[in-house]
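Given next are the chains, with one letter for each unit.
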Amino acid sequence: MTSDPDVSPSLDVLPQPLLEAQAARREFLVALEPLRGELFRYCRRLTGSVWDAEDLAQETLARALTRAAVSHQPVERPMAWLVRIATNAFLDQVRRPAALLVEPSERAAPVLADPAEVRDALAGMSTLLAPQERAAVVLKDVFDLPLKEIAAMLSTTEGAVKAALHRGRGRLTDPDRASALARRTAPDRDTLDALATAFTAYDLDRLTKLFVEDAVSDVIGMAHEVGRDQIAAGSLHHTLVLETSVRWRAEVRELDGDPLVLMWATPTDGNSPEAVEDVLRAETADGGITRLRWYYFCPDVLAEVGDRLDVPYRTHGHGL
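Residues numbered from 1 in each chain as written. Predicted model: local features only at pLDDT ≥ 70, side-chain atom pairs only at ≥ 80, totals over all residues. Heavy atoms only, no water.

**Some thoughts on the pattern of salt bridges**
Side chains carrying opposite charge are able to pair once their charged atoms draw close together. On inspection of all chains with the given rule, the structure shows 17 salt bridges. A salt bridge links glutamate 38 to arginine 41; the nearest nitrogen and oxygen atoms lie 3.1 Å apart. Of the two residues, glutamate 38 and arginine 41 both sit in helix α2 (residues 36–47), 3 residues apart, roughly one turn of that helix. Using a relative accessible area of 45% as the deciding quantity, one classes arginine 41 as partly exposed. The partner of arginine 308 in a salt bridge is aspartate 256, with the nearest N and O atoms 2.5 Å apart. Linking arginine 308 in helix α12 (residues 299–309) with aspartate 256 in the loop between β3 (246–255) and β4 (258–267), this pair joins segments that are 52 residues apart in sequence. A relative accessible area of 45% places aspartate 256 in the partly exposed class. Each of Arg44, Asp256, Glu304 and Arg308 takes part in a single network of salt bridges with overlapping partners. (Salt bridge = Lys/Arg side-chain N within 4 Å of Asp/Glu carboxyl O. Helix = DSSP H or I, 4+ residues; strand = E, 2+ residues; numbered from the N terminus. Buried < 20%, exposed > 50% of the residue type's maximum accessible area, 1.4 Å probe, protein only.)

Now the structure itself:
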């Protein structure tokens, strides 16, 4: 019988050289900054969701940093390199035990599907297509990559890619596809309303109490906090106490049927009008917040949310 690992604290604190790792990460992200928008757009097409796209982009960059750290050769065609990493990360997240690409014997969809119609339908394909079918459609119909390169990325054959394209295009142009898109689990609206009210009132105590004891807060791409106390002393304290250049107002709005919190900011110097500068998404359980995601440093997300909700917004880059 194998004994459990010893979790006694033989190392209390990780050494300061971790700061060097943070500096290396920053330098790496600065180098990739010109590609961040294109990477997000690829992830957006692949996942069909602005939120999942940002998560996938962050995961891709984390994997890319690890890959670069063990590579002894220059990375040629860095965008193609990132696309390959993003594709593999996506497939790892959703991979099933059984093969996902269709068998050649299955009836193929008509080849006459309108490419423009297919591209317009991509936003809903996360619930319509198997993951490898989804990747094949995006890589071919959006990025127009050769079948040979797509097959290499998906670790399959060109014939299997062709079959996946036929079936995927057919599902995306199916007139009954709308009924397959109507399933999602939304956070509790009352909890989000309470969150917005507490933010607007600058009530740190009331805001803190909305989080469960072991809640998680992610300032995407910048900070990760675990536990109510750490969240209160970190992101909440920074927003309501340390951040004095703007005055915040929170408002719950819906996007694609899901509630989210828009964080409106009015500069205290009076030089700019009120605009959305952050977007929050919460996960809830039993009336408490279990996870909160902040998208302040996600300009592509803020731009899409602002444009789709037709509200003014300001972005601040990726915090590099």
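**Observations regarding helix α7 (residues 147–154)**
In an α-helix there are 3.6 residues to a turn, and that puts residues three or four apart on one side. Within α7, 6 of the 8 residues are buried, leaving the element largely enclosed by the surrounding structure. If you check which residues of α7 are buried, you get Leu147, Glu149, Ile150, Ala151, Met153 and Leu154.

**What about the nonpolar core?**
Ranked by internal contacts, the top residues of the largest apolar core, which has 52 residues, are Leu39, Trp51, Leu262, Val279, Val301 and Val305. With 9 residues, the top contributor of residues to this core is helix α4 (residues 78–94). The next biggest cluster of nonpolar side chains, apart from the first, holds 28 residues, and it includes Ala198, Met263, Leu280 and Phe297. (Core = buried A, V, L, I, M, F, W, Y, C linked by side-chain atoms within 4.5 Å.)

**Observations concerning the packing of aromatic side chains**
Two aromatic rings are characterised by how far apart their centres lie and by the angle between their planes. Taken as a whole and assessed by the stated rule, the structure comprises 3 aromatic pairs. Considering the side-chain rings of tyrosine 296 and phenylalanine 297, the 4.9 Å spacing of their centres and the 80° angle between planes classify their relative orientation as edge-to-face. The same class applies to tyrosine 296 as to phenylalanine 297, namely buried. The positively charged end of arginine 247 is found above the aromatic ring belonging to tyrosine 202, 3.7 Å away from the centroid. (Phe/Tyr/Trp six-rings, centres within 6.5 Å; stacked < 30°, edge-to-face > 60°. Lys NZ or Arg CZ within 6 Å of the ring centre and 35° of its normal.)

**Quick word on the side chain of threonine 191**
In this structure, threonine 191 sits in helix α9 (residues 189–200). Discounting chain neighbours no more than four positions away, the residues touching threonine 191 are Thr284, Gly287, Gly288 and Ile289. (Contact = heavy atoms within 4.5 Å.)

**Here's the deal with the packing of helix α3 (residues 50–69) against α12**
Packing of α3 against α12 leaves a shortest axis separation of 10 Å and a crossing angle of 175°. The orientation of α3 with respect to α12, classified from their angle, is roughly antiparallel. Contacts from Val50, Trp51 and Glu54 in α3 reach Val301, Glu304 and Val305 in α12. In terms of residue class, the contact of α3 with α12 is built from 4 nonpolar, no polar and 2 charged. (Axes fitted to C-alpha atoms, helices over the stretch in contact; angles between N-to-C directions. Parallel < 35°, antiparallel > 145°, perpendicular 65-115°, else oblique. Nonpolar A, V, L, I, M, F, W, Y, C, P; charged D, E, K, R; others polar.)

**Remarks on the sheet that holds β4**
The strand order across the open sheet built from 6 strands is β2-β1-β6-β5-β4-β3, with neighbouring strands paired in mixed fashion. The sheet is open, and its two edges are formed by β2 (223–226) and β3, each paired on a single side. Here the average twist between neighbouring strands, direction ignored, is 20°. For strand β1 (residues 211–219) and β2, the ladder comprises 4 bridges, and the chain directions are antiparallel. Residue pairing in the sheet places valine 219 in a bridge with alanine 223 of β2. Here α9 sits on the sheet in contact with β3, β4, β5 (275–285) and β6 (288–294), set at roughly 165° to β3. Sitting on the sheet, helix α11 (residues 228–242) is in contact with β1, β2, β3 and β6, with an inclination near 45° to β1. (Pairing = 2+ DSSP bridges.)

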